[in-house]
Structures are given as C-alpha cells and as structure tokens.
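Close look at the chain arrangement
This is what each chain is made of:
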Amino acid sequence: MGVAGCGKSSLGALVAQSEGAVLIEGDSFHSEASRHKMSQGIALTDADRQGWLATLGEQLAAHAGRGVVLTCSALRRAYRERLRQALPGLRFAYLDIARDDALARVQARAATHFFSSSLVDSQFATLEVPTGEPGVLRLDAMAPLAQLQQEIHAWLSQPLTH
Ligand SMILES: Nc1ncnc2c1ncn2[C@@H]1O[C@H](COP(=O)(O)OP(=O)(O)O)[C@@H](O)[C@H]1O
Ligand SMILES: O=C(O)[C@H](O)[C@@H](O)[C@H](O)[C@H](O)COP(=O)(O)O
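Below is a short write-up of the structure. Sequence order as written defines the numbering, with residues in each chain counted from 1. To label them, take the chains in the order written and letter them from A, then take the ligands in the order written and number them from 1. Totals for whole chains, interfaces and linings use all residues, but because this is a predicted model, local features are given only for residues with pLDDT of at least 70 and pairs of side-chain atoms are given and counted only at 80 or more. Computation of side-chain values covers all heavy atoms of the structure but excludes hydrogens and water.

**A word on the overall build of the protein chain**
What the protein chain contains, in helices and strands, is 7 helices and 4 strands. Here a strand is any run of E in DSSP of at least two residues, a helix any run of H or I of at least four, and the numbering for each starts at the N terminus. The order of α-helices and β-strands along the protein chain, N terminus first, is α-β-α-α-β-α-β-α-α-β-α. When the backbone C-alpha atoms are referred to their principal axes, the protein chain occupies close to 40 × 30 × 30 Å. A simple rule labels every residue: compare its accessible area, found with a 1.4 Å probe on the protein chains alone, to the largest value its type can have, and call it buried under 20%, exposed over 50%, or partly exposed in between. Taking all 162 residues of the protein chain together, 41% fall into the buried category. What makes two residues a contact is simply this: any of their non-hydrogen atoms within 4.5 Å. Of the contacts made within the protein chain by residues no fewer than 6 positions apart, 74% connect residues no fewer than 24 positions apart. For the protein chain, the computed accessible surface area is about 8,100 Å², with 52% contributed by carbon and sulfur atoms. Accessible surface area values rest on a Shrake-Rupley calculation with a 1.4 Å probe, where residue burial reflects the displayed protein chains alone.

**Regarding the nonpolar core**
Within the largest apolar cluster, 44 residues are counted, with the highest numbers of intra-cluster contacts made by L83, L139 and I152. Mapped by element, the contributors of at least two residues to this core are α1 (8-19), α3 (46-62), β2 (68-71), α4 (77-86), β3 (92-96), α5 (99-108), β4 (136-140) and α7 (145-156). Setting aside residues no more than four positions away along its own chain, L83 makes contact with L53, L56, G57, L60, L70, C72, A74, L90 and F92. Note on terminology: a nonpolar core comprises buried Ala, Val, Leu, Ile, Met, Phe, Trp, Tyr and Cys residues joined through side-chain atoms within 4.5 Å.

**Here's the deal with the site of ligand 1**
Surveying the vicinity of ligand 1 reveals 14 residues, the closest of which are G5, K8, S10, R109 and A143. Polar contact is the term for a pair of N or O atoms within 3.5 Å; when the atoms are in protein, one must be able to donate a hydrogen and the other to accept it, and sequence-neighboring residues count only if both atoms are side-chain atoms. Contacts to ligand 1 include S9, whose side-chain N or O atom sits 2.9 Å from an oxygen atom. A distance of 2.6 Å is found between an oxygen atom of ligand 1 and a side-chain nitrogen or oxygen belonging to S10. Protein contact buries 72% of the 560 Å² of open area that ligand 1 shows by itself. Per-element tally for the shell around ligand 1: the top contributor is α1, with 3 residues. Under the scheme applied, nonpolar residues are Ala, Val, Leu, Ile, Met, Phe, Trp, Tyr, Cys and Pro; charged residues are Asp, Glu, Lys and Arg; polar residues are all the others, including Gly. For the shell around ligand 1, the residue count by class is 7 nonpolar, 4 polar and 3 charged. Near, as used in this document, describes a residue that has one of its heavy atoms within 4 Å of the molecule or strand being considered.

**Things to note about the site of ligand 2**
Taken together, 15 residues lie near ligand 2, and D27, R49, S73, R109 and Q123 sit nearest. Residue K8 places a side-chain N or O atom 3.3 Å away from an oxygen atom belonging to ligand 2. Here ligand 2 has 390 Å² of accessible area as a free molecule, and 96% of this is covered by the chains. For the shell around ligand 2, the class distribution of residues is 6 nonpolar, 5 polar and 4 charged.

**Focus: the pattern of salt bridges**
Each salt bridge in this description consists of a side-chain nitrogen of Lys or Arg and a carboxyl oxygen of Asp or Glu lying within 4 Å of one another. Counted by the stated rule, this structure contains 11 salt bridges. The shortest N-O distance in the salt bridge between R77 and E133 comes to 3.8 Å. With R77 in helix α4 and E133 in the loop between α6 (120-126) and β4, this residue pair connects regions lying 56 residues apart in the sequence. With a relative accessible area of 7%, E133 lands in the buried category. D96 is the partner of R138 in a salt bridge, and the nearest nitrogen-oxygen pair spans 2.8 Å. In this pair, R138 sits in strand β4 while D96 sits in strand β3, placing the two residues 42 residues apart along the sequence. In this structure R138 comes out as partly exposed when scored by relative accessible area, which is 48%. Its relative accessible area of 23% is what places D96 among the partly exposed residues. Each of R77, R80, E81, R84 and E133 takes part in one network of salt bridges that share partners.

Below you can see the structure in the form of structure tokens.
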C-alpha cells in the first residue's frame with residue numbers, strides 16, 4: 001500500500017513471484033470511468049473507490065487459504081478495514097515515500113502510465129498513515145527492491161502480531 005509511485009506494482013510483482021503467491025494488481029480493477037478521471041488529473045472520491053474496494057475484497061476472498069499479494073493504494077484506514085474484513089489476517093506492507101520522490105517517479109513514467117502526476121499531492125492529502133494498525137510493516141520506498149523483498153520475506157515468516 002501507499003501513494004502512487006511508491007513502488008506497489010514493482011514490489012508486489014517481485015514478492016508474488018518469490019513467494020509463489022497469486023498477484024492481484026489493484027490498478028487493473030479500476031473502472032474505465034475512474035481510470036479516465038485519474039488520467040485527466042481528477043482525484044477519485046470515496047464513492048469512486050467503493051466498487052473498486054468491493055471487487056478487490058472479492059478477489060482476496062477468492063484466494064483465501066493460499067498466498068496472495070494485492071497491490072492497492074489503500075490510502076485511508078477505512079479502505080484497509082474493508083480489505084481486512086474480506087480476508088482476516090491480511091497484512092499491509094506500507095511503502096513510505098516523500099512527496100518529492102513520489103512526484104519524480106510518477107513524472108518519469110508519465111508517458112506510459114494513466115495516472116496524472118498532478119494527482120500526487122491529493123494522494124498525500126488522502127493518505128492516512130497506518131501507524132499502530134495490526135499487521136503493518138513500514139518500508140523505506142527508496143530502498144532497493146531486492147532489499148525490500150527480503151524484508152517482506154522475513155516479516156512473513158513471523159507470526160502476525162497485534
Ligand atoms: N525500490 C525502488 N527503487 C527504484 N525505483 C523504484 C522502486 N520502486 C519503484 N520504482 C520505480 O518507480 C516507479 C513507480 O513504481 P510503481 O511500482 O509503478 O509504483 P506504484 O505501483 O506504487 O505506483 C517505476 O518507474 C518503478 O520502476
Ligand atoms: O485510490 C486511488 O486514488 C488510486 O488507487 C490511486 O492510488 C491509483 O490507482 C494508483 O496509485 C495509481 O496507479 P499506481 O498504483 O500504478 O501508481
């Protein structure tokens with residue numbers, strides 16, 4: 001989880017591959033209308049995200065009982081609670097990134113990605129940092145991907161603590 005550009009898709013793919021888990025790419029489940037909004041620099045609202053979160057919850061539940069990795073911004077605590085309800089015991093790896101670093105990454109990929117770089121500030125405005133929530137690992141989003149994958153692997157081998 002984390003704002004656009006923090007590395008969810010890159011790290012999620014690596015973790016799913018290395019853990020032998022199913023990968024659910026959250027961006028693939030946005031409606032066409034939501035993708036269009038974001039490409040036009042219009043931030044999603046709570047209402048825009050409701051159906052998306054419901055679908056992601058269904059996807060998680062469908063894979064319960066085996067390894068599954070979801071890449072999802074999950075910016076607000078209420079969004080994370082919905083996902084936890086769909087899959088009890090769900091853990092969140094939070095990719096912590098500074099605004100300027102996220103902006104630089106999103107601008108660098110702008111030619112090939114639907115997400116408008118003008119929305120980075122709204123991502124930070126919406127973000128509710130998951131400090132103190134159960135089953136959360138904070139990661140430095142600027143660390144090398146291989147290091148982050150290893151941190152997640154070590155974390156997954158420990159029991160979930162509350
Ligand atoms: N740990 C990292 N180190 C260096 N570059 C990264 C790292 N994580 C992501 N990137 C790069 O940053 C950009 C955004 O990453 P991406 O995985 O698409 O983020 P998100 O899915 O959170 O929007 C991509 O160009 C990606 O290659
Ligand atoms: O809730 C949201 O506002 C969106 O989910 C938003 O976070 C976006 O979908 C991605 O972050 C952009 O795509 P990337 O995840 O590839 O940056």
